[in-house]
Amino acid sequence: MSSRIPPATRDQFRAFRTITTRWMDNDIYGHMNNVVHYSLFDTAVNGWLIERGVLDIHKGGQIGLVVETGCRYHAELAFPDVITAGIRVGKLGTSSVRYEIALFRDGETVAAAEGFFIHVYVDRDSRRPMALAAPLRDALAAIAY
């Protein structure tokens, strides 16, 4: 029997974004529904990329398509929690990146949930993989773990 990997801690991340929960994030059981975690992962990463000027969601020639995701839950989250998403790059490839995200409740130092997703970067029009643009690669390398 293998032991469960312990939750990540804030000191394992290099970038952070604060996200507020919403009333509609709670499900009938009184906690945040699991699909909301994935939405928060996506919001945290893409918001961080936009803030750094390396993702233009309207006119950029290169876009990231999600090819794999996962999540581990350690503790419940619920409205009205304020969540800080820790963001790091677990693997940086030629045209792909593995983002790793941890959700921390109300200033806590141990993650309530951790997830990842892999983006393959493609040409917006042809949808063919392409090498990461230099500014994007530099931004991602700065938060690589």
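Here the structure is shown first, and the text comes after it.
From a predicted model like this one, the values you see are computed outputs, not experimental measurements.

## Let's talk about the overall build of the chain
So, step 1. A count of helices and strands for the chain gives two helices and five strands.
So, step 2. Reading the secondary structure of the chain in the N-to-C direction produces β-α-β-β-β-β-α.
So, step 3. Taken over the C-alpha trace, the chain has a radius of gyration of 16 Å; the compact-globule value for 145 residues is 15 Å, and the two agree within 12%.
So, step 4. Along the first, second and third principal axes, the C-alpha atoms of the chain reach 45 × 35 × 25 Å.

## Regarding the pattern of salt bridges
So, step 1. In the structure shown here, the tally under the stated rule is eight salt bridges.
So, step 2. For the salt bridge of Arg 105 with Glu 108, the shortest nitrogen-to-oxygen distance reads 3.3 Å.
So, step 3. Overall, Arg 105 belongs to the buried group, its relative accessible area being 16%.
So, step 4. Several salt bridges share partner residues, and in doing so they unite Arg 17, Glu 51 and Arg 52 into one network.

## Brief notes about the nonpolar core
So, step 1. By size, the foremost hydrophobic cluster in this structure holds 29 residues, and its most contacted members are Trp 48, Leu 49, Tyr 99, Ile 101, Leu 103 and Leu 140.
So, step 2. Those elements that place two or more of their residues in this core are β1 (15–20), α1 (34–51), β3 (82–92), β4 (96–105), β5 (113–123) and α2 (134–141).
So, step 3. Sorting elements by how many residues they give to this core places α1 first, with seven residues.
So, step 4. Those residues in contact with Leu 140 that lie beyond four places of it in its chain are Trp 48, Leu 49, Val 89, Leu 92, Val 97, Tyr 99 and Leu 132.
So, step 5. Grouped together as the second largest cluster of nonpolar side chains are five residues, Phe 13, Ala 102, Phe 104 and Ala 111 included.

## Side note on the sheet that holds strand β2 (residues 62–73)
So, step 1. Read from one edge to the other, the open sheet built from five strands follows the order β1-β3-β4-β5-β2, with strand pairing classed as antiparallel. Because the sheet does not close on itself, it has two edges, and the strands there are β1 and β2. Strand-to-strand twist in this sheet, taken as the mean axis angle between neighbours without regard to direction, amounts to 25 degrees.
So, step 2. Pairing of β4 with β5, which is carried by eight bridges, proceeds in the antiparallel orientation. Bridged to Ala 102 within β5 is Glu 114.

## What about the environment of Phe 116?
So, step 1. Tracing the backbone shows Phe 116 in strand β5.
So, step 2. We classify Phe 116 as buried; its relative accessible area is 15%.
So, step 3. Considered as a pair, Phe 116 and Tyr 38 are 78 residues apart in the sequence and their alpha carbons are 8.9 Å apart.

Conventions and cut-offs
- Residues numbered from 1 in each chain as written.
- Predicted model: local features only at pLDDT ≥ 70, side-chain atom pairs only at ≥ 80, totals over all residues.
- Heavy atoms only, no water.
- Helix = DSSP H or I, 4+ residues; strand = E, 2+ residues; numbered from the N terminus.
- Rg over C-alpha atoms; globule rule 2.2 N^0.38 Å.
- Salt bridge = Lys/Arg side-chain N within 4 Å of Asp/Glu carboxyl O.
- Buried < 20%, exposed > 50% of the residue type's maximum accessible area, 1.4 Å probe, protein only.
- Core = buried A, V, L, I, M, F, W, Y, C linked by side-chain atoms within 4.5 Å.
- Contact = heavy atoms within 4.5 Å.
- Pairing = 2+ DSSP bridges.
- Axes fitted to C-alpha atoms, helices over the stretch in contact; angles between N-to-C directions.

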